[in-house]
Amino acid sequence: MGSRRFMIHSRTIQDGSATLDGELFRHMARVLRLSAGDPVTLVDEQGGEHDGVIASIGRELVTVTITRSNHEPLPEASSLRITVCQALPKGEKIDLILQKGTELGAYDFWLFGGSRSVARVRDDQRDLKLERWNRIAAGAARQCGRRTVPAVHWYPTAAEAAAAATHDLRLILWEEERTSSLKNRLDGTPDPGSVIVAIGPEGGFDPRETDLFIRHGFQSVSLGTRILRTETAAIAIVAILQYIGGDI
Ligand code: SAM
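Now for a quick tour of the structure. (Residues numbered from 1 in each chain as written. Predicted model: local features only at pLDDT ≥ 70, side-chain atom pairs only at ≥ 80, totals over all residues. Heavy atoms only, no water.)

Looking at chain direction, strand β4 (residues 39-43) and strand β5 (residues 49-57) are connected through five bridges and run antiparallel. What sits directly across from L42, in β5, is H50. In this structure, the hairpin formed by β4 and β5 is closed by a connection of five residues, where G47 is found at a positive phi of approximately 90°. Taken together, the eight bridges between β5 and strand β6 (residues 62-70) define a ladder with antiparallel strand orientation. Bridging from a neighbouring strand, S56 pairs with T63 of β6. Linking β5 to β6, which pair antiparallel, is a turn of four residues. (Pairing = 2+ DSSP bridges. Helix = DSSP H or I, 4+ residues; strand = E, 2+ residues; numbered from the N terminus.)

What follows is the structure, encoded as structure tokens:
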């Protein structure tokens, strides 16, 4: 069996060895119960790979001696860069969206405060929330063996997220859309390199928000006549886009 792979930040590698702590330490020492001498492969945030051997496992730290580093980052598996532009849903649904979206190959996540989002992020909570969301994405990337970790960004309003989009193809999932299917939207933009998809919260989009996205080049599409939960819509659209234009 090849050596186990772990996502790290390149700053943990100094002078030919890596020192790992926190959640990664717990995963390696407590969950996987690795021991000194076990081979591991560390993948850094640029996709560089570092083969090594566990030198020691202490009470809080794992030290890995690096034996070979390959800084040639492989391209992220999917050639299609998918940005999930998600209105903040209630509770832990965002964890599911980040985890499943990462597993399915989303490129990054733009979370925003929808006008009908029940959950709110105060300015003084922003950094803590972003750290937690990025940690979820990193954990999911590690679990599914991705070379790069999708970044999670925060926009306080739909307006700020919509204005920031420069993607080749911009879609807004609108359950009241009755004419434009995803297929004919995609037929209209052959081989987009990047696509951003806006998904509303449990209460849906405010009409002023849909207008605003459309003013910023987003095209509304339907995912059929059934009303999907926000997390279902987010996960489904990544899978569909990956099947049509990505690497599934
Ligand atoms: N307006 C919905 C209702 O009446 O229950 C609530 C919004 S729905 C639960 C959450 C989000 O998922 C929507 O804002 C939309 O972005 C997306 N969505 C759900 N079903 C959809 C569908 N059939 N077509 C397109 N988007 C859908």
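A few words now on the side chain of R146. Within the secondary structure, R146 sits in the loop between α3 (126-144) and β9 (151-155). The class for R146 is buried, based on a relative accessible area of 7%. In this structure the side chain of R146 is engaged in a polar contact, spanning 2.8 Å, whose partner is the backbone oxygen of T102. Within polar-contact distance, the side chain of R146 engages the backbone oxygen of T148 at 3.4 Å. (Buried < 20%, exposed > 50% of the residue type's maximum accessible area, 1.4 Å probe, protein only. Polar contact = N/O pair within 3.5 Å; in protein donor to acceptor, adjacent residues only side chain to side chain.)

So, on to the nonpolar core. One finds W133, V195, V197, I199, I237 and L241 to be the most contacted residues of the largest nonpolar core, which totals 31 residues. Tallying contributions element by element places helix α7 (residues 230-245) first for this core, with five residues. Among all residues touching V197, those that are not within four sequence positions of it are T83, V84, C85, L171, L173, I237 and L241. One finds A87, Y155, I172 and F218 within the second-largest nonpolar core, a separate group that totals 16 residues. (Core = buried A, V, L, I, M, F, W, Y, C linked by side-chain atoms within 4.5 Å. Contact = heavy atoms within 4.5 Å.)

A few words on a positive patch on the surface. Together, R26, R30, R33 and R59 line one region of the surface with positive charge. Following the sequence through the fold, R30 ends up in helix α1 (residues 22-31). Classification of R30 by relative accessible area gives partly exposed; the value is 48%. (Patch = residues over 30% accessible without salt bridge, like charges linked within 9 Å, V, L, I, M, F, W, Y side chains within 5 Å. Areas by Shrake-Rupley, 256 points an atom, 1.4 Å probe, with all protein chains shown as cover. Salt bridge = Lys/Arg side-chain N within 4 Å of Asp/Glu carboxyl O. Lys, Arg positive; Asp, Glu negative; His and termini not counted. Charge placed at Lys NZ, Arg CZ, Asp CG, Glu CD.)

Once that is clear, we can look at the sheet that holds β6. In space, the six strands of this open sheet follow the order β1-β4-β5-β6-β3-β2, with mixed pairing throughout. Taken across any chain shown, the strands that pair with only one partner, and hence form the sheet edges, are β1 (4-7) and β2 (13-14). As paired elements, strand β3 (residues 17-20) and β6 share four bridges and run antiparallel to each other. Across the sheet, residue A18 finds its bridge partner in β6, namely V64. In this fold α1 packs onto β1, β3, β4, β5 and β6, with an angle of close to 165° to the strand it touches most, β1. (Axes fitted to C-alpha atoms, helices over the stretch in contact; angles between N-to-C directions.)

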